[in-house]
Amino acid sequence: MSSSPNRLVAIVFGAVYLVVGALGFAVTGGVGFLATDGGLLLGIFAVNPLHNIAHLLIGAALVIAGLSGVRAAKTVNATIGAAYLLLGVVGFFLVGTSANILALNVPDHFLHLASAIVLLGVALGAERGARSVTA
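All of the points below concern the structure found in this document.

Criteria and cut-off values
Residues numbered from 1 in each chain as written. Predicted model: local features only at pLDDT ≥ 70, side-chain atom pairs only at ≥ 80, totals over all residues. Heavy atoms only, no water. Helix = DSSP H or I, 4+ residues; strand = E, 2+ residues; numbered from the N terminus. Expected span 1.5 Å × (residues − 1). Contact = heavy atoms within 4.5 Å. Polar contact = N/O pair within 3.5 Å; in protein donor to acceptor, adjacent residues only side chain to side chain. Axes fitted to C-alpha atoms, helices over the stretch in contact; angles between N-to-C directions. Parallel < 35°, antiparallel > 145°, perpendicular 65-115°, else oblique. Left-handed = near helix turned anticlockwise from the far one by under 90°. Nonpolar A, V, L, I, M, F, W, Y, C, P; charged D, E, K, R; others polar. Buried < 20%, exposed > 50% of the residue type's maximum accessible area, 1.4 Å probe, protein only. Core = buried A, V, L, I, M, F, W, Y, C linked by side-chain atoms within 4.5 Å. Patch = residues over 30% accessible without salt bridge, like charges linked within 9 Å, V, L, I, M, F, W, Y side chains within 5 Å. Areas by Shrake-Rupley, 256 points an atom, 1.4 Å probe, with all protein chains shown as cover. Salt bridge = Lys/Arg side-chain N within 4 Å of Asp/Glu carboxyl O.

1. As for helix α1 (residues 5-24)
Inference 1: In a regular helix each residue adds 1.5 Å, so 20 residues correspond to 28 Å; α1 covers 28 Å between its end C-alpha atoms and thus fits that length.
Inference 2: On its buried face, α1 sits against β1 (39-41), β2 (45-47), α2 (49-68), α3 (70-94) and α4 (106-125).
Inference 3: The N-terminus of α1 is capped by S4, whose side-chain oxygen sits 3.2 Å from the backbone nitrogen of N6.

2. Re the packing of α3 against α4
Inference 1: At their nearest, the axes of α3 and α4 sit 7 Å apart, and the two run at 150° to each other. In terms of axis orientation, α3 runs roughly antiparallel to α4. Along this stretch, α3 crosses α4, giving a crossing that reads as left-handed.
Inference 2: Of the residues contributing to the contact of α3 with α4, the split by class is 16 nonpolar, seven polar and one charged.

3. Considering α2
Inference 1: Taking 1.5 Å of rise per residue, 20 residues should cover 28 Å, and α2 covers 28 Å from first to last C-alpha, within 8% of that figure.
Inference 2: For α2, every residue scored as buried is listed here: P49, H51, N52, H55, G59, L62, V63, A65 and G66.
Inference 3: Elements in contact with the buried residues of α2: α1, β2, α3 and α4.
Inference 4: Taking the backbone nitrogen of L50 as reference, a side-chain oxygen 3.1 Å away marks N48 as the first, capping residue of α2.

4. Here's the deal with the nonpolar core
Inference 1: In terms of nonpolar packing, the biggest core is built from twelve residues, these being V9, A10, F13, Y17, L62, A73, I80, Y84, A116, L119, V122 and A126.
Inference 2: Looking at this core, the elements that each hand over two or more residues are α1, α3 and α4.
Inference 3: Discounting chain neighbours no more than four positions away, the residues touching I80 are I58, A61, L62 and L119.

5. Thoughts on the packing of α1 against α4
Inference 1: Packing of α1 against α4 leaves a shortest axis separation of 9 Å and a crossing angle of 155°. Comparing their axes, α4 and α1 come out roughly antiparallel. Both α1 and α4 take part in a crossing whose hand is left-handed. Side by side, α1 and α4 meet where P5, N6, V9, F13 and Y17 of the first sit next to S115, V118, L119, V122 and A123 of the second.
Inference 2: Its residues assigned to classes, the contact of α1 with α4 shows eight nonpolar, two polar and no charged.

6. Side note on unusual backbone geometry
Inference 1: Notably, L42 is not glycine yet its phi reads approximately 60°, a positive angle.
Inference 2: Positive phi outside glycine occurs at A103, with the angle close to 55°.
Inference 3: Within the secondary structure, A103 is located in the loop between α3 and α4.
Inference 4: We classify A103 as buried; its relative accessible area is 0%.

7. What about a nonpolar patch on the surface?
Inference 1: Where nonpolar side chains cluster on the molecular surface, the patch consists of L85, L86, V89, V90, F92, F93, V106 and F110 and spans about 760 Å² of accessible area.
Inference 2: Looking at the nonpolar patch, the elements that each hand over two or more residues are α3 and α4.
Inference 3: Ranked by residues supplied to the nonpolar patch, first place goes to α3 with six residues.
Inference 4: Here V90 lies in helix α3.

Laid out in C-alpha cells, this is it:
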C-alpha cells in the first residue's frame with residue numbers, strides 16, 4: 001500500500017467508525033430502531049440502531065476505498081466528508097424533532113463537523129501535484 005494520506009485517513013477513520021458502530025449496539029438495547037433519543041456511547045454521543053448501522057456502512061466504505069487505491073479513497077473521503085458537513089450543520093436543527101431518526105445530539109454534531117473537516121481537508125488538499133492519483 002502506498003503512503004497516500006487519503007488511503008491512510010480512509011483506513012483509520014473507517015476502522016474507527018466500524019468499532020464505533022459495533023460498540024453502539026452495546027448501549028442501544030431496548031432503544032427503538034428510529035428512536036429520536038438513543039443510548040449514550042461513551043456517555044456522550046447519542047446513538048440508536050439506525051445510527052449504528054450508518055456508522056458500520058460508512059466505516060466499511062472508507063476501509064474498502066482505502067484498500068482499493070488513492071482515487072477511491074479520495075472520492076470516498078470527499079463524499080463522506082461532504083455528507084458529514086451537511087449532517088453536522090443540519091443536525092443542529094433536528095434535535096428535539098421527529099425528524100431526528102439518527103438520535104443525534106449536540107456532541108454528535110461537533111464530531112460530525114470535525115470528521116468532515118479532516119475528510120474534506122485530506123480529500124481536497126492531499127495528493128496535489130502527485131504524479132499518479134490513480135494508484
